[in-house]
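A closer look at the structure
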Amino acid sequence: MTTPTIGVLALQGDVREHLTALAESDALARPVRRAEELDELDGLVIPGGESTTMSKLAVVFGMLEPLRAFVRAGKPVYGTCAGMIMVADKLLDGREDQETLGGVDMIVRRNAFGRQNESFEAAVDMAGIPGGPVDGVFIRAPWVESVGASAEVLATYGGHTVAVRQGNVLATSFHPELTGDHRVHAFFVDMVRRAER
């Protein structure tokens, strides 16, 4: 597969920026709003946004179980910020009724880096990404409290895990799509290509 088809979950969040970053990383990128559209994808990005809203909308639009099935089938998935929360097996500081998709054996704490007005940008050294640190934009960002044996920590910042991979699932606390540096998206596109071999 030379040009993988990668969807961006378009229920809520910064969809357009991910579509641009994927397209510039040699993927065919498309927004995804319906369960049947998942069948056409080689991989999926779950964007940043508001994780409780995203969880509710996934239920309302009948996407929750199809998304879980997509993850369970081993399809490549990349979650940023709220997307990291969505692919966590366990969640701290979430609403009682908040649903996740699972996929990464980790416990994630919502809004761990602070409120909206405490957002910041920082250089993050991330394993597997050549060319030096990536620019990470942290907006009401989560961090990973702990990971299980099957999850691999790819980056830390301020003593906290901010990037994780488990099999075909990648997750970052930060938003690389907001910086113009598309190396993390290129890394994910390569994961998708390798998964199809």
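As the structure is a computational prediction, the values presented were derived from the model and not from experiment. Residue positions are given per chain, counted from 1 along the sequence in the order it is written. Side-chain atom pairs in this predicted model are given and counted only at pLDDT of 80 or more, local residue features only at pLDDT of at least 70, and totals for whole chains, interfaces and linings cover all residues. Computation of side-chain values covers all heavy atoms of the structure but excludes hydrogens and water.

Of all the seven residues making up strand S11 (residues 160-166), five are buried; the element is thus mostly covered by neighbouring parts of the structure. When DSSP finds at least two bridges between two strands, those strands are taken to pair. Strands here are runs of E lasting at least two residues and helices are runs of H or I lasting at least four, both read from the DSSP assignment and numbered beginning at the N terminus. Here five bridges tie strand S10 (residues 152-157) to S11, and the two strands are oriented antiparallel to one another. Bridge pairing in S11 links Thr156 to Thr161. The turn joining S10 and S11, which pair antiparallel and follow one another in sequence, is formed by two residues; a positive phi near 60° is taken by Gly158. Pairing of S11 with strand S12 (residues 169-172), which is carried by four bridges, proceeds in the antiparallel orientation. Of the residues in S12, the one forming a bridge with Val164 is Ala171. The turn linking S11 back onto S12 is made up of two residues, and Gly167 within it adopts a positive phi angle of 60°. Using a 1.4 Å probe on the protein chains alone, a residue whose accessible area is under 20% of its type maximum counts as buried, one over 50% counts as exposed, and one in between counts as partly exposed.

Pairing of aromatic side chains here covers Phe, Tyr and the six-membered ring of Trp, requires ring centres within 6.5 Å, and sorts the geometry by plane angle: under 30 degrees stacked, over 60 edge-to-face, intermediate tilted. For the structure shown, the criterion picks out nine aromatic pairs. Between Phe120 and Phe138 the ring centres are 4.7 Å apart and the planes differ by 10°, which places this aromatic pair in the stacked class. Of this pair, Phe120 sits in strand S7 (residues 120-124) while Phe138 sits in strand S8 (residues 134-138), and the two are 18 residues apart along the sequence. Take Phe138: its relative accessible area is 1%, and that puts it in the buried class. Aromatic ring contacts, followed pair by pair, group Phe113, Phe120, Phe138, Trp143, Tyr157 and Phe174 into a single cluster.

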